[in-house]
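Commentary on secondary and tertiary structure
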Amino acid sequence: MTTRNAITMGNYGASWESRGYCGGGNVADLINSLRYRPAVICGNGKNVFDELTEVLRIYVDPVIFAVNDVGMFLPKIDHWVSLHSDFLSAWKAVRWLHPKEKEDVFYHSIDKRPFIDYIWQGLTPMFALSGYFAMQIAYIMGAELIILCGCPGDDAKRFFDLIPRDDFSYGGGENGSDKGVREQLINEMERLPDFKNKVRSLGGWTNSFFGGI
Amino acid sequence: MAVTNRNSTLYTKLSVNKYLGDARDVGGRAVPIPFEHTIVSGETGGASAGVRDTVNLCVLPANCMVVGLEFSSNGLWASAGANGTLQLGDTGDDDRYMIATELYTAAGSPVGSDFKHQGLAFVGQNYKPTADVIVKGEYRVANPVVGKIFRGVFWVIPGA
């Protein structure tokens, strides 16, 4: 069972505040730890590998955040983020089955689990999608530039889908669910223009909203 | 048979015994305490206590009197086939303010496709917490749909 904070909780009960956000958990030491560094958020969008390749042609050694499933397959990651705490255990096991060099990956989610390093308890407010949650973490950690790859925020299929989902379009559809996801993002970026200024995207609706690199 | 006229507790306090009332007795300044939540991916509403996620919505200050609740959502569950419920309460009573309410798109909505619940549960009406209390929403039976929104406002009268 997880308890989340609605945006209307403000900073009640928070143990840290930074850049317009607050919360609890064991993350206070992460605040501003990425200052002056670019971060790349890799989501599940179908173009994630091509877009990451493009970023790596321009930026040397950015901090790479994997989001959900794609973390199993990316060549190198520094942080792995998901709103689905229990799934991370299985995804981590799959990655470990692949032959790779030794790597230090930090796992982030919202519930206390033995395999999760950083628990963003009571983060207020919290984005609805794991990709935006990862973007939020990078911002709180002080990244100078946050580049979205495979986070189109529209109805593009995921890298493992044969066809796009028909029940959810990540903000690109007309139902209340999609509208809510997009409305939340737009409202947050209006509230924190400095956050929006730091984000770029290589594809999809987020590219038109945040701009490209 | 003779009819009987009785005094309410409040009438007795103020008008018969002439006790000094405070703002809560006479319906003084009402203060809105809004809440809003966008459903986050992975939020769970299960059949048993261990798998029902909750969301902290707002804080009702100590010694206020809760006098009203307005609640709206755009249908937290997709359809009648997945009729989960949301209830509002606190650590002392998990449905003190709103009993388990089905909030899917066609659940008797008085305002088109958006569901609106009106009114405060009986046990929550005129409730006076003695310490600050966090209002919690709790999902039951089925998982709410990511991106859906519920929002509302509590009306309270401060104790002083």
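A brief look at the structure comes next. (Residues numbered from 1 in each chain as written. Chains lettered and ligands numbered in written order. Predicted model: local features only at pLDDT ≥ 70, side-chain atom pairs only at ≥ 80, totals over all residues.)

Looking at the pairing of strand 8 (residues 149–157) of chain B
Residues and elements named next belong to chain B.
- Pairing geometry for strand 1 (residues 31–38) and strand 8, over eight bridges, is antiparallel. Residue pairing for strand 8: Glu-36 is matched across the bridge by Arg-151.
- Two elements, strand 3 (residues 65–73) and strand 8, share eight bridges in a ladder whose sense is antiparallel. The residue bridging Glu-70 from the neighbouring strand is Val-153, located in strand 8. (Pairing = 2+ DSSP bridges. Helix = DSSP H or I, 4+ residues; strand = E, 2+ residues; numbered from the N terminus.)

Some points on the sheet that holds strand 6 (residues 79–81) of chain A
- One open sheet accounts for seven strands, arranged 8-7-6-5-4-9-10 (chain A); its pairing is parallel. The open sheet has two edge strands, strand 8 (118–119) and strand 10 (199–201) of chain A, and neither has a second partner.

Brief notes about the sheet that holds strand 7 (residues 133–140) of chain B
- Here we have five strands laid out as an open sheet, ordered 1(A)-2(B)-7(B)-4(B)-5(B), and mixed in their pairing. At either end of the open sheet lies a strand with only one pairing partner, and these are strand 1 (3–5) of chain A together with strand 5 (98–102) of chain B. For this sheet the average axis-to-axis angle between neighbouring strands, irrespective of direction, equals 25°.
- Two elements, strand 4 (residues 85–89) of chain B and strand 7 of chain B, share five bridges in a ladder whose sense is antiparallel. Of the residues in strand 7 of chain B, the one forming a bridge with B:Leu88 is B:Gly137. (Axes fitted to C-alpha atoms, helices over the stretch in contact; angles between N-to-C directions.)

These values are about where atoms sit, not about what they do.
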